Amino acid sequence: EKTLIKIGVQAYGTADWELAALQDDPQTKSADFIIKKQPLANAEAGKIALQSGAVDMIVSDWIWVSSLRSSGEDFTFYPYSGTSGALVVPEDSPIHSIKDLQGKRLGIAGGELDKNWLLLQALAKQEQMDLNAAVEKVFGAPPLINEQIKQNRVDAVLNYWHFAARLEAQGYRQIIDGRGILKGLGIKENVPSLGYVFKESWANNHKQALDNFFKASKQAKNRLCTSDSAWQKIIPLTRVDDLPTQTRLRQRYCEGNIEQWGKQEQQAAERIYTILHTLSNRQLTGNSEHLQPGTFWSAH
Amino acid sequence: MAFYLNSNILPAPARVASVFWQSCLSGQLPYHLGVTLLRLVISFSIAMLLGCGLGIVLGRNKKLDAFFDNWLVIFLNVPALVTIILCYVWFGLVESAAIMAVVINKLPNVIVTIREGTRTLDQDLLDMARCYHLSKRKTLVHVIWPQLHPFVMAATRSGLALIWKIILVVELLGRSNGMGYQLHLFFQLFDVAGIMAYTIAFVAVIQLIELAILKPLDRQSRRWRR
Amino acid sequence: MAFYLNSNILPAPARVASVFWQSCLSGQLPYHLGVTLLRLVISFSIAMLLGCGLGIVLGRNKKLDAFFDNWLVIFLNVPALVTIILCYVWFGLVESAAIMAVVINKLPNVIVTIREGTRTLDQDLLDMARCYHLSKRKTLVHVIWPQLHPFVMAATRSGLALIWKIILVVELLGRSNGMGYQLHLFFQLFDVAGIMAYTIAFVAVIQLIELAILKPLDRQSRRWRR
Amino acid sequence: MTHIQININSKIYPAVQKAGQHLAIADLKLTLHSNEFICLVGPSGCGKTTLLNIIADLDPDYEGEIIVGRQHAHPKIGYIFQNPRLLPWRTVRENIELVLESKQRADIIDPLLETMQLTQSQHVYPERLSVGMSRRVSIIRAFAVDPEVLLMDEPFVSLDAPTARQVRELLLKLWQQRPHTVLFVTHDLREAIALADRIVFLSAAPMHVISEITVPIPRNDRDNEAALESFRQQLLQNYPDIKKLL
Amino acid sequence: MTHIQININSKIYPAVQKAGQHLAIADLKLTLHSNEFICLVGPSGCGKTTLLNIIADLDPDYEGEIIVGRQHAHPKIGYIFQNPRLLPWRTVRENIELVLESKQRADIIDPLLETMQLTQSQHVYPERLSVGMSRRVSIIRAFAVDPEVLLMDEPFVSLDAPTARQVRELLLKLWQQRPHTVLFVTHDLREAIALADRIVFLSAAPMHVISEITVPIPRNDRDNEAALESFRQQLLQNYPDIKKLL
Ligand SMILES: Nc1ncnc2c1ncn2[C@@H]1O[C@H](COP(=O)(O)OP(=O)(O)OP(=O)(O)O)[C@@H](O)[C@H]1O
Ligand SMILES: Nc1ncnc2c1ncn2[C@@H]1O[C@H](COP(=O)(O)OP(=O)(O)OP(=O)(O)O)[C@@H](O)[C@H]1O
Ligand SMILES: [Mg+2]
Ligand SMILES: [Mg+2]
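Quick summary incoming for the structure in this document. (Residues numbered from 1 in each chain as written. Chains lettered and ligands numbered in written order. Predicted model: local features only at pLDDT ≥ 70, side-chain atom pairs only at ≥ 80, totals over all residues. Heavy atoms only, no water.)

## Some words on the side chain of Thr76(A)
All names here are of chain A. Its place among the elements puts Thr76 in strand β4 (residues 75-81). Classification of Thr76 as buried rests on a relative accessible area of 0%. In this structure the side chain of Thr76 is engaged in a polar contact, spanning 3.0 Å, whose partner is the backbone oxygen of Gly294. Here the side chain of Thr76 touches Trp297 through a polar contact of 3.2 Å, landing on its backbone nitrogen. Look past the residues within four positions of Thr76 in its chain and what remains in contact with it is Val65, Arg69, Tyr196, Val197, Phe198, Glu200, Gly294, Thr295, Phe296 and Trp297. (Helix = DSSP H or I, 4+ residues; strand = E, 2+ residues; numbered from the N terminus. Buried < 20%, exposed > 50% of the residue type's maximum accessible area, 1.4 Å probe, protein only. Polar contact = N/O pair within 3.5 Å; in protein donor to acceptor, adjacent residues only side chain to side chain. Contact = heavy atoms within 4.5 Å.)

## Things to note about the environment of Leu236(E)
Structurally, Leu236(E) can be placed in helix α7 (residues 225-238). In this structure, Leu236(E) is in contact with Leu189(E), Lys243(E) and Leu246(E), ignoring residues within four places of it in sequence.

## A short note on the arrangement of the chains
The assembly contains 8 pairs of chains in contact; the pair sharing the most contacts is chains B and C. As for chain D relative to chain A, no contact occurs, and the smallest C-alpha gap between them is 49 Å. With no contact formed, the shortest span from any C-alpha in chain A to any C-alpha in chain E equals 50 Å.

## As for the relation of the copies chain C and chain B
The transformation that overlays chain C on chain B combines an axial shift of 0.0 Å with a rotation of 180°, and the residual RMSD is 0.2 Å. Taken together, the turn and the small shift mark the pair as related by a two-fold rotation axis. (Least-squares fit on C-alpha atoms with pLDDT ≥ 70 in both.)

## A closer look at the site of ligand 2
In the region of ligand 2, 19 residues are neighbours, and Ser130(D), Lys48(E), Thr49(E), Thr50(E) and Gln82(E) sit closest. Interatomic distance of 3.3 Å between a side-chain N/O atom of His22(E) and an oxygen atom of ligand 2. Residue Gly47(E) places a main-chain N or O atom 2.7 Å away from an oxygen atom belonging to ligand 2. Taken together, the elements giving at least two residues each to the shell around ligand 2 come down to α4 (131-144) of chain D together with α1 (48-55) of chain E. When grouped by side-chain class, the residues that make up the shell around ligand 2 number 5 nonpolar, 10 polar and 4 charged. (Near = heavy atom within 4 Å. Nonpolar A, V, L, I, M, F, W, Y, C, P; charged D, E, K, R; others polar.)

## As for the interface of chain A and chain C
Residue-level contacts link 26 residues of chain A with 22 residues of chain C. At the surface where chain A touches chain C, the tally comes to 0 salt bridges. Taken together, chain A and chain C are joined by 4 residue pairs in polar contact (both at pLDDT 80 or more). Contributions of two or more residues to the side of chain A that touches chain C are made by α3 (43-51), α4 (62-70), β7 (136-140) and α7 (142-150) of chain A. In terms of residue class, the side of chain A that touches chain C is built from 11 nonpolar, 8 polar and 7 charged. (Salt bridge = Lys/Arg side-chain N within 4 Å of Asp/Glu carboxyl O.)

## Quick notes on the site of ligand 1
Close to ligand 1 lie 19 residues, the nearest being Lys48(D), Thr49(D), Thr50(D), Gln82(D) and Ser130(E). Around ligand 1 the close residues trace back to chains C, D and E. One nitrogen or oxygen atom from the main chain of Gly45(D) is found 2.8 Å from an oxygen atom belonging to ligand 1. Within the side chain of His187(D), a nitrogen or oxygen atom sits 3.4 Å from an oxygen atom of ligand 1. Considering ligand 1 on its own, with 630 Å² of exposed area, one finds that the protein chains cover 90% of that surface. Put simply, the parts of the chain that give the shell around ligand 1 at least two residues each are α1 (48-55) of chain D together with α4 (131-144) of chain E. Tallied by class, residues from the shell around ligand 1 come to 5 nonpolar, 10 polar and 4 charged. (Areas by Shrake-Rupley, 256 points an atom, 1.4 Å probe, with all protein chains shown as cover.)

Take a look at the structure:
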């Protein structure tokens, strides 16, 4: 009999696309797992669903997994995507680098503990700039932040990747994205920002099926990136009806593909963790100095 | 303001109407609205029934009131977020947890309003009822309830509105259908026309309730006034 | 239930207390609480003042009431999300937009409650006031207001709670400080202990308001009752 | 059947704010014999209503005891309050129906409404009645329950003379048909003499009994105005204590 | 100074639900001369209170007109309602102070409280007063404003005989000190004769004037009980119409 995997996905999010593509694949029928998709409205709903046991798996970040583990839970993480947010300005903006942000109004999605914001500050510090003091910060919900820049109420925005992609499609210019920031901080590895999160004990009982699911998921992503017909099928799920935005979304999505996942990347993650731990003054990571062992799932 | 009328921020009425019409045709809107209304009716009924009962008891019993008063203030002011998370985490992402979360959020409001009403009950009429040995039921239905009516109406009107506000969050955090779920998706896409269309549908339903149920009740209960 | 007590979902009281203590020491909690309270006081005052005024007018004037009734139902039931978004989009992510969003959400509730109270005013006493040529001000302060008092108290108690619920969303969506902003951060990290600590702080403040202001007001206004 | 012994040591209303405490009743002893018709006469504010409330078991907060003889611990009481206390959201008829149990309501209510000239107004809500009319409704309500003890707190004020006369006759008729104990508060000595077996004169606060006077005029002679008037004059002369009250 | 001409063609209370419409007043014509003391006598529910409300300008919904002579369009009115209508959240004293403007309040209030024997109860809230006491408060309130027209709707019910006598004397004293027009509703013919310049007898609904009788007894002879009684007997004999009312 087949293993039932209940997955909580953000409605119309990339995981939703991927699962749609996966279920569309005739091979899936013969696989040893069955996917049951539970659409949810936002990321927090996913966390609630996972913890209440309503789903087996969601897509989330590894920092949260680590902090869960530090409080005794046995959740673990398997990479899903490396796409991350970006700093975006209007096309004709005088801003061309982080230095130019001096004295400008910066819209930031997600609040002061947003990873990209913390890392951006670290990068600025390397260039002897106290970004926190140098810009006028406007925190807000991602859609509202996008509206702010469209109304010229802010000069630049640091937003989640798909909100940034939408702006780009409308001619806004990307200054730097999450991976660029990390590179600037000396982390060359492509560290995933998001991954599947699930209970380790549960995973150990369903190793084989889970492994197959991850493989199938990767294939589905590859298909979406390589086959235009596969992409066409999931376009309704993007909820975007103009071609430039669709193209931009697909491009950014595919750039987030994780090709390498091994010791090196995990050590890089450890370094990022330490940076965030200090930058956020422990608020983001919790008290634990180090990434909890077992945060990253190894099937072997 | 006219400046904005053309932007997608405040979409033109025609656009909202077309979105409205399409979501009706696709069955999306009726489905989500129906789901939310069902939750609203159930949780509203539970909250009003319990709330009126407890409100009357606390209003008439000083000792119980002194004891529960603190709890009432706490429950009144615990953020919806907290109760919702706890309900979901304890009872799972099931319908009953959602409804319980709504009830817990609404109940203290009803209690507070009805308790205030109970404190103003006319002692002379209660004495009359006692003296003529009216049964508990008769006293409640014919002597106490009509005096509470304005408070019940206030609790009903502002209660429907409050439940609707809470139910949105409840659906957002743990359901896969309903207006809250849907509105949040629209918000993510910044589809203001969609938000408007759904809002209008809901407000229309409440207007209907107002016209078909509350207004006649009002009239009925005020007919004796000069 | 005891089963959950150790999990991070419902943290042990000791843990909440330590979080509470630390955020107090760091000045974080007092800062965010202060900001939120300031917003609460301002928007509450505006909403109550306007609401009582309009409620009395609508309660006493059948024509105006018939006209505004529909609008009231609409404003009562427009989702907080919608008004908040519109306020922010129109006026930017600024303080006044936040406060206006809260007021718009709370106002209809106050109006509805006070209007219900105004409809129950004792005509005999109003006639007395008229006959003895009491000034408008005297009639309002000494004849009408005491009769509205229970309704005002109900609106105050459930209003504080409602504003607090809305202010959280307002801060979550577009402010860089305040309890809502902070709770959202905790929520993203799923830090229930942090959420609890902040909730307790807020509830304590409301309890204080209840004990220091509302209870004495209650007692004052009920001293004439048998 | 209902013999009531009243023995109130003290009834104190506690102090509230600037108003001090008030000793309303002190050492009041009074026996109501079965089926007796007693009128209470005393100055305004002396405590008559307070006393009736205690007897009706509406006010447990006093020192002393009320012993209700034999049979029932709680006799069926009809109380005509000093204010009508009608439910404003029920019509005249519904107000009366409320205190009745059975389905023979119409049999009881209709004749009473007729006598009180309220048949026409039976579907009117109390706020639309004149004061005298509401008073009559509250009288009907008390009569309708067929009480064992009837407490009447100035029931006939605001009634015009012919109506008052008619109600008085009705009261006596009912009382003779089915005897019960009546406690009747009035400020009108003429009325008291016309109705009472015994008149109890009460002092100003703290209230106690000044004197009890049996009215010796036989029942069938009570509509003889001259007889009543002469007894009244005689009373005023013989009891200088009472004269102050009148 | 205030001559009032009342001319009400009809006053109709509209139908409500099962209760039909009610024609309360029809073709009522009445002139109140300046500073006259008029008593109104009529059956319960005939429309006396309705009439006073119309005169007090509380009820504009009638056919006809009230012409208030010369000087003031709105004379200063003191209205003793049939129910006291005190504000329950204000003490006795505060209730009276409410209707007064100036700072000489104490000068006006204190003697009135004294006469009405309410000095002790001046800080009591109305719900804790006896009915007779509240009534006295409402009387004080009306006297305190020093009205040009005084409307009194059965003001002395629930007052014991000595108190009623005292209030009656006070009323006459104030009226003679500073003349004003008085309209006094009563069911007690003896009281009417003792007080009135003119007694107006009113019919049952629809209310109109049956007859107006001037009381010829001079003011200084009004405490002669015999004179009053003989006038009363004479009245009953001469006016068979009126006898039905009494
Ligand atoms: N609830 C109360 N609290 C305090 N004092 C009260 C209360 N009820 C009555 N009193 C006082 O007790 C006294 C007696 O009141 P009560 O109503 O019994 O008088 P009464 O004899 O019925 O007078 P009346 O003939 O005017 O109706 C009054 O002085 C009154 O002020
Ligand atoms: N608001 C109202 N709506 C309908 N009918 C009314 C209203 N007020 C009074 N009435 C009716 O008008 C008639 C006269 O009432 P009113 O109060 O004037 O009588 P009254 O002469 O003062 O009687 P009483 O001596 O009993 O006080 C009554 O039949 C009453 O039912
Ligand atoms: Mg009394
Ligand atoms: Mg009247």
